[in-house]
Amino acid sequence: MTAGETHQAIEAIFRIERARLISGLARLVRNVDLAEELVQDALVIALSEWSRTGVPANPGAWLMTVAKRRAIDAIRRDKMRERKHEEIARELDGECDRTAEGNEMAMNDDLGDELLGLIFTACHPILSADARAALTLRVIGGLTTDEIARAFLSSEVTIAQRIVRAKRTIGKAGLSFEVPRGAERAVRLSSVLEVIYLIFNEGYAATAGDDLVRPGLCLEAQRLGRMLAGLMAEDAEVFGLLALMEIQASRLPARIGPDGALLTLTEQNRARWDRLLIRRGLDALARAEALGGDGPYVLQAALAACHARARSPADTDWPRIAALYDRLRAVMPSPVVDLNRAVAHSMAFGPEAGLRLVDEIADAAALRNYAPLSAARGDFLFRAGRLAEARAEFEAAAKLTRNAREAAFLLARADACG
Amino acid sequence: MRVMVLVKATEDSEKGFLPTPEAKEAMEAMGKFNDELRNAGILLDADGLKPSSQGKRVTFDGPRRTVIDGPFAETRELVAGFWLWEVKDMDEAVAWVKRCPNPMPGPSEIEIRPLYEMADWQWESDAGGHGNP
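Residues numbered from 1 in each chain as written. Chains lettered and ligands numbered in written order. Predicted model: local features only at pLDDT ≥ 70, side-chain atom pairs only at ≥ 80, totals over all residues. Heavy atoms only, no water.

Points about the overall build of chain A
Each helix and strand counted, chain A has 19 helices and 0 strands in total. Based on the C-alpha atoms only, the size of chain A along its principal axes is roughly 85 × 50 × 40 Å. Within chain A, buried positions represent 52% of all 418 residues. Of all intrachain contacts in chain A linking residues separated by at least 6 positions in sequence, the fraction that spans at least 24 positions is 64%. For chain A, the distance from the average site of its 55 positive side-chain charges to the average site of its 58 negative ones is 1 Å. (Helix = DSSP H or I, 4+ residues; strand = E, 2+ residues; numbered from the N terminus. Buried < 20%, exposed > 50% of the residue type's maximum accessible area, 1.4 Å probe, protein only. Contact = heavy atoms within 4.5 Å. Lys, Arg positive; Asp, Glu negative; His and termini not counted. Charge placed at Lys NZ, Arg CZ, Asp CG, Glu CD.)

So this is what it looks like as structure tokens:
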């Protein structure tokens, strides 16, 4: 192996180990910044040692041992040595008496819990959703500040500051890097799931001309979702979110037309859907349902699954979709859910059912001057044979949308009303 | 990127699974490795294949189709099992394979093959969203 190849191999090992090293150290030193620094130092040492000696049998344990030694040095050098720090140093001394093999065993035991603790801390509700996403991608995903900035169409300085501030907030709040228990756990978990889905959607919003880092966010979010499913095997919403992401990602190869425009589910060539991701999504959904899941992510995944199961748009099980929207509306009330529910009912039970539901919600403030509402209403009226009214709705919708392609489509539908 | 990680067959694996204490131990070690892959979020799929004595081959020559029953020779070229992983690059895949316990009682081999992706099919006329996974 050349020096360059060795270097690459060590970098790859490091990428695999990084998140769990940071999570183990962060819990010890109660400081994400210091933990990251210690891990970076350990890499530098590994690069010089392993180039001479070769990669040890347990590289993760080796890196952890080195990083913990550096942690003691760092704390001892710290002039503002408080009692708390001395306690940590004593604890660390004990840890370092273990051999690398001992560290390996300890790491395997704590691994899941420590990693989970770091995920929960990076996604703590005291941080803004943007800060949580940036910090999670940095410490768990291992993305560089530059990559995160490009992915979120932001500047490197902005992201760097966001991460620094987030770390400072965590330090000031004295967070323990533990996995929350009891009632707090549910609240904190929804904060974690929200961040992962935010990362996924940012990637899903990427278009053909974008930097490849952006669509890469979907993969990153899926990876986080799979990690979480491995670490929290008893939580239905974790599997619900994973199922939702896998099924949505299965459509990524099919959703952009030759002219670069987004295609609707009906327009997509379903042969292009990724069968492996659909199967993984359906498996995750089955697991969520077996766990008794009935939360927002499980229901959204169940909706996505109805489309994934249909070989063609005509095979779609609309009555089931309508029933799922009835339930989703109860756990995740929103005007957009209401509108989608009206569309589902129109597909399942006819345009009159859709019109009835859409008229119930037409006065909601969020839906006033909302193009999709007028477009949906136009579609229901058209299918009910009320062509003059349909034409007026389509024209209104065309005026409301800011998307030129959509406006052209709506005007064509208005014309078709005769 | 997606890679298929192929565990090559050996004379042992071609004999089929025997529930010996050694085999049980090896399966436990492999189970632990699979947990690691799962918790790292890279494991998409995995399965083991029965010996080639239970397999068949169909050969093609113009319009002719000939069915050949197993077992097949060249044992070391046969596949005994596979994983599908989602990794950042081949280096990461190699690093993971290196920490896999030896899948066989004796010397053995694991092969890593990247899968074709959307970006590899840009010439296709209706390839929607090329370069956009």
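Some remarks on the overall build of chain B
Counting its regular elements, chain B contains 3 helices and 6 strands. When its helices and strands are written in sequence order, chain B yields β-α-α-β-β-β-β-α-β. If you line up chain B on its principal axes, its C-alpha atoms span 55 × 45 × 20 Å. Sequence-distant contacts, at least 24 apart, represent 74% of the contacts inside chain B between residues at least 6 apart. Entry remark: accessible area of chain B is about 8,200 Å², with carbon and sulfur atoms responsible for 56%. Placing the 16 positive and 24 negative side-chain charges of chain B at their respective mean positions leaves the two points 4 Å apart. (Areas by Shrake-Rupley, 256 points an atom, 1.4 Å probe, with all protein chains shown as cover.)

Side note on the pattern of salt bridges
Here the structure, examined in full by the defined rule, presents 43 salt bridges over all chains. As a salt-bridge pair, A:Arg327 and A:Asp294 come within 2.7 Å of each other at their nearest N and O atoms. Placement of A:Arg327 in helix α14 (residues 318-331) and of A:Asp294 in the loop between α12 (275-290) and α13 (296-309) is noted, with a sequence separation of 33 residues between them. The class for A:Arg327 is partly exposed, based on a relative accessible area of 39%. Overall, A:Asp294 belongs to the partly exposed group, its relative accessible area being 39%. In this structure, the salt-bridge partner of B:Arg2 is B:Glu86, at a minimum N-O distance of 3.5 Å. Of this pair, B:Arg2 sits in strand β1 (residues 2-8) while B:Glu86 is found in strand β5 (residues 79-86), placing the two residues 84 residues apart along the sequence. The exposure class of B:Glu86 is buried, given its relative accessible area of 11%. (Salt bridge = Lys/Arg side-chain N within 4 Å of Asp/Glu carboxyl O.)

Digging into the packing of aromatic side chains
Any aromatic ring pair is given by two values, namely how distant the centres are and how the planes are angled relative to each other. Residue and element names in this part refer to chain A. For the structure shown, the criterion picks out 8 aromatic pairs over all chains. An angle of 90° between the planes, with centres 5.8 Å apart, marks the rings of Tyr 197 and Tyr 297 as edge-to-face. With Tyr 197 in helix α9 (residues 182-204) and Tyr 297 in helix α13, this residue pair connects regions lying 100 residues apart in the sequence. Judged by its relative accessible area of 13%, Tyr 297 is buried. Members of the aromatic cluster, each reached through a chain of ring pairs, are Tyr 197, Phe 200, Tyr 204 and Tyr 297. Stacked on the ring of Trp 273, the Lys or Arg Arg 251 has its end atom at 5.8 Å from the ring centre. The side chain of Arg 255 reaches across the aromatic face of Tyr 204, ending 4.4 Å from its centre. (Phe/Tyr/Trp six-rings, centres within 6.5 Å; stacked < 30°, edge-to-face > 60°. Lys NZ or Arg CZ within 6 Å of the ring centre and 35° of its normal.)

Section: the nonpolar core
Grouped together as the largest cluster of nonpolar side chains are 133 residues, with contacts concentrated most on A:Leu228, B:Trp83 and B:Trp85. If one sorts the elements of this core by residue count, helix α1 (residues 3-29) of chain A sits on top with 12 residues. If we skip the residues at most four places from it in the chain, A:Leu228 touches A:Leu116, A:Ile119, A:Val192, A:Leu193, A:Ile196 and A:Val238. (Core = buried A, V, L, I, M, F, W, Y, C linked by side-chain atoms within 4.5 Å.)

Notes on the interface of chain B and chain A
The interface of chain B with chain A comprises 29 residues on the first partner and 34 residues on the second. Buried surface at the junction of chain B and chain A, both sides included, amounts to about 2,600 Å², of which 48% is carbon and sulfur. Linking chain B to chain A there are 6 salt bridges. For the pair chain B and chain A, the interface holds 8 residue pairs in polar contact (both at pLDDT 80 or more). Looking at which element gives the most residues to the side of chain B that touches chain A, the answer is helix α3 (residues 90-98) of chain B, with 5 residues. Considered class by class, the residues forming the side of chain B that touches chain A number 9 nonpolar, 6 polar and 14 charged. (Buried area = accessible area lost by both parts, 1.4 Å probe. Polar contact = N/O pair within 3.5 Å; in protein donor to acceptor, adjacent residues only side chain to side chain. Nonpolar A, V, L, I, M, F, W, Y, C, P; charged D, E, K, R; others polar.)

Quick word on the packing of α1(A) against helix α2 (residues 32-53) of chain A
Residues and elements named next belong to chain A. Interaxial distance between α1 and α2 falls to 8 Å at its minimum, and their mutual angle equals 145°. Here α1 runs over α2; the crossing is right-handed. Here α1 contributes Thr 6, His 7, Ile 10, Glu 11, Ile 13, Phe 14, Arg 18, Leu 21, Ile 22, Leu 25, Ala 26 and Val 29 to the contact with α2, which in turn contributes Leu 34, Ala 35, Glu 36, Leu 38, Val 39, Gln 40, Leu 43, Ala 46, Leu 47, Trp 50 and Ser 51. Looking at side-chain class alone, the contact of α1 with α2 contains 16 nonpolar, 4 polar and 3 charged residues. (Axes fitted to C-alpha atoms, helices over the stretch in contact; angles between N-to-C directions. Left-handed = near helix turned anticlockwise from the far one by under 90°.)

Some points on the packing of α2(A) against helix α3 (residues 59-77) of chain A
Axes are the key here: two packed helices are described by the angle between their axes and the distance separating the axes. Residue and element names in this part refer to chain A. The N-to-C vectors of α2 and α3 enclose an angle of 120°; their axes lie 8 Å apart at closest approach. Taken together, the axes of α2 and α3 are oblique relative to one another. Crossing of α2 against α3: the hand is right-handed. In contact with Leu 34, Leu 38, Asp 41, Ala 42, Leu 43, Ile 45, Ala 46, Glu 49 and Trp 50 of α2, α3 contributes Pro 59, Trp 62, Leu 63, Val 66, Ala 67, Arg 70, Ala 71 and Ala 74. The residue makeup of the contact of α2 with α3, split by class, is 14 nonpolar, no polar and 3 charged. (Parallel < 35°, antiparallel > 145°, perpendicular 65-115°, else oblique.)

Section: a nonpolar patch on the surface
Where nonpolar side chains cluster on the molecular surface, the patch consists of B:Val58, B:Phe60 and B:Val67 and spans about 320 Å² of accessible area. Inspection of the secondary structure puts B:Val58 in strand β3 (residues 56-61). (Patch = residues over 30% accessible without salt bridge, like charges linked within 9 Å, V, L, I, M, F, W, Y side chains within 5 Å.)

Examining the sheet that holds strand β2 (residues 43-48) of chain B
All names here are of chain B. The 4 strands lie next to each other as β2-β5-β1-β6, forming an open sheet whose pairing is antiparallel. The open sheet has two edge strands with one neighbour each: β2 and β6 (110-114). Taking the axes of each pair of neighbouring strands and ignoring which way they run, one obtains an average angle of 15° across the sheet. Relative to β5, β1 runs antiparallel, the two sharing 7 bridges. (Pairing = 2+ DSSP bridges.)

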